[in-house]
Amino acid sequence: MVISFYSASDNDSDLLEALHRQLASTSVTHIIEPWSDNTDPASVVYSISWGAPDNFFNGMKNLRAALSLGAGVDHLTSNPGLPADVPIIRLSDAGMGDKIAEYVLYAALQGHRQFDLYRKQQQQQLWQPLADIDAANYRVGIMGLGVIGTIIADRLHHSGYQVSGWKRSTVECAYPLFAGDTELGAFLKDLDLLVAVLPLTDQTHGLIDKRIFAQLPAGARFVNVGRGKQVNESDLLAALDSGQLTAAVLDVCETEPLPDSHPFWTHDAITLTPHVAGPTQIAQSAQQIAESIQLIESGKWPAGLVNRSDGY
Ligand code: GLV
């Protein structure tokens, strides 16, 4: 059987080599090959991809599952060529959680130790201590308490922060948990830092807008390590410009790469990175993907199976 591989990234060959190695250690008889015009789509039984073009799935009528090279699967759910009944498998942590947790920890430290405000004071040659804030009193709310959200929550908790979470529905959780639309206001109202780590679905598209920012305490901060399309960017700029938000740390934007003329580039309250908070970890991802294919071949579903009606 053929496994078709597509990744628009710079480390394609390393990823492919790791997948070759990991799949060779399973009992799955296969050929894995980069997708090309020469691929017979009907021979493809699994796809492993990130950001594939709209015609990638054309003719893949024997596809047993589409595996994502990332935790997010919006690049698959939005691909018009992928039939609605093909199971999607996302990466479940695979080393990304720790990376993203480090990123969010930086943002929490920047907020609670006010490094960005001190930087501005330095530019003005202002020697002016600001009020000291204890980590134990710094309230961080994680919006999207899934696998990665929980790793972020644990890292922040171990660093002394006061952590809470919000999720669509309630689950067992080590932190104060708010669930659904009805508890969103109660979740937001006491936060110093809102961390968004949501999957992109019909429900979360455009979810983070002026209504969300207005429910945060004045002067709160915002970090987005989920997807840019969840944020109304004009509302974010307005909240920063009015002082309702002090700062934002953004790893994702509505349009990536960020267009040259976009105001985020030069906004002094925005720290911007080019979608690098949680890069795919090659060895762990290849191992998890090979294990997932082996599991599916033995008639079971891996932990990363996406609920297609929820979209994540
Ligand atoms: C990155 O954004 C991912 O979904 O893994």
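The model shown is predicted, which means the values in this text are computed figures rather than measured ones.

## Quick notes on the overall build of the protein
For the protein, the count of helices and strands is nine helices and 12 strands. For 312 residues, the compact-globule estimate of 2.2 N^0.38 gives 20 Å, and the protein sits close to it at 21 Å. With respect to the principal axes defined by its C-alpha atoms, the protein has extents near 65 × 45 × 30 Å. Looking at the protein residue by residue over its 312 residues, the buried ones come to 48%. Counted over contacts in the protein with a minimum sequence separation of 6, partners at least 24 positions apart contribute 62%. Between the averaged position of the 20 positive side-chain charges in the protein and that of its 35 negative side-chain charges there is a distance of 4 Å.

## Focus on the site of the ligand
Near the ligand you find W50, G70, A71, G72, M96, R227 and H275, and these make up its full shell. Contact distances for the ligand include 2.7 Å between an oxygen atom and a backbone N or O atom of A71. The side chain of R227 places a nitrogen or oxygen atom 2.8 Å from an oxygen atom of the ligand. Relative to its unbound accessible surface of 190 Å², the ligand loses 85% to contact with the protein. Looking at the shell around the ligand residue by residue, the class counts come to three nonpolar, three polar and one charged.

## Observations concerning the nonpolar core
Among the nonpolar cores identified, the biggest contains 52 residues, and I48, I142, I152, L156, Y161, V225 and I293 are the most heavily contacted of them. Looking at this core, the element that brings in the most residues is helix α3 (residues 96–112), giving eight residues. Each of two domains, domain 1 (2–94 + 280–297) and domain 2 (96–272), supplies a minimum of three residues to this core. Setting aside residues up to four positions removed in sequence, I293 forms contacts with M1, I3, L23, V28, Y46, I48 and L67.

## Quick notes on the side chain of Q244
Turning to its location among the elements, Q244 is positioned in the loop between α8 (233–242) and β11 (245–250). At 2.8 Å, the side chain of Q244 and the backbone oxygen of L216 are in polar contact.

## A word on the side chain of R227
Topologically, R227 is positioned in the loop between β10 (220–224) and α8. Assessed through its relative accessible area of 14%, R227 is described here as buried. Those residues in contact with R227 that sit more than four places away from it in its chain are W50, G72, D74, L198, L200, V252 and H275.

## Some remarks on the packing of helix α1 (residues 12–24) against helix α9 (residues 282–297)
Where α1 meets α9, the closest approach of the two axes is 8 Å, and the angle between their N-to-C directions is 45 degrees. By the angle class used here, α1 and α9 are oblique. Along this stretch, α1 crosses α9, giving a crossing that reads as right-handed. Residue-level contacts link D14, L15, A18, L19, Q22 and L23 of α1 to I282, A286, Q287, I289, A290 and I293 of α9. Residues belonging to the contact of α1 with α9 are distributed by class as follows: nine nonpolar, two polar and one charged.

## As for the domain arrangement of the protein
Annotation of the protein at the domain level lists domain 1 (2–94 + 280–297) and domain 2 (96–272). Placing a centre on the C-alpha atoms of domain 1 and another on those of domain 2 gives a separation of 32 Å. Across the contact, 10 residues belong to domain 1 and nine residues belong to domain 2. Of the roughly 750 Å² buried between domain 1 and domain 2, counting both surfaces, carbon and sulfur atoms make up 55%. Across the domain 1-domain 2 interface, the total number found is one salt bridge. The tally of links from domain 1 across to domain 2 stands at four residue pairs in polar contact (both at pLDDT 80 or more).

## Considerations on the sheet that holds strand β2 (residues 31–34)
Across the sheet, which stays open at both edges, the five strands sit in the order β2-β1-β3-β4-β5 with parallel pairing between neighbours. Edge positions in the sheet fall to β2 and β5 (88–89), since each of these pairs with one other strand and no more. Looking at chain direction, strand β1 (residues 2–7) and β2 are connected through four bridges and run parallel. Each bridged residue has a counterpart across the sheet, and for F5 the counterpart in β2 is P34. Taken strand by strand, α1 contacts β1, β2 and β3 (44–50), and its axis lies near 155 degrees from that of β1.

## Digging into the layout of surface pockets
There is about 820 Å³ of room inside the second largest pocket. D74, H75, L200, R227 and K229 are the residues nearest the centre of the second largest pocket, which is lined by 32 residues in total. In terms of residues, the lining of the second largest pocket owes the most to one element, helix α2 (residues 74–77), which gives three residues. Classifying every residue of the lining of the second largest pocket by side-chain character gives 10 nonpolar, 13 polar and nine charged. Structurally, the lining of the second largest pocket is a two-domain feature, drawing no fewer than three residues from each of domain 1 (2–94 + 280–297) and domain 2 (96–272).

Calculation notes
Residues numbered from 1 in each chain as written. Predicted model: local features only at pLDDT ≥ 70, side-chain atom pairs only at ≥ 80, totals over all residues. Heavy atoms only, no water. Helix = DSSP H or I, 4+ residues; strand = E, 2+ residues; numbered from the N terminus. Rg over C-alpha atoms; globule rule 2.2 N^0.38 Å. Buried < 20%, exposed > 50% of the residue type's maximum accessible area, 1.4 Å probe, protein only. Contact = heavy atoms within 4.5 Å. Lys, Arg positive; Asp, Glu negative; His and termini not counted. Charge placed at Lys NZ, Arg CZ, Asp CG, Glu CD. Near = heavy atom within 4 Å. Polar contact = N/O pair within 3.5 Å; in protein donor to acceptor, adjacent residues only side chain to side chain. Areas by Shrake-Rupley, 256 points an atom, 1.4 Å probe, with all protein chains shown as cover. Nonpolar A, V, L, I, M, F, W, Y, C, P; charged D, E, K, R; others polar. Core = buried A, V, L, I, M, F, W, Y, C linked by side-chain atoms within 4.5 Å. Domains from an automatic or database assignment. Axes fitted to C-alpha atoms, helices over the stretch in contact; angles between N-to-C directions. Parallel < 35°, antiparallel > 145°, perpendicular 65-115°, else oblique. Left-handed = near helix turned anticlockwise from the far one by under 90°. Buried area = accessible area lost by both parts, 1.4 Å probe. Salt bridge = Lys/Arg side-chain N within 4 Å of Asp/Glu carboxyl O. Pairing = 2+ DSSP bridges. 1 Å grid on protein atoms, 1.4 Å probe; cavity = no way out; pocket = protein on both sides within 12 Å on 5 of 7 lines; lining within 4 Å. Points joined across faces, edges and corners; volume = space filled by probe spheres on them.

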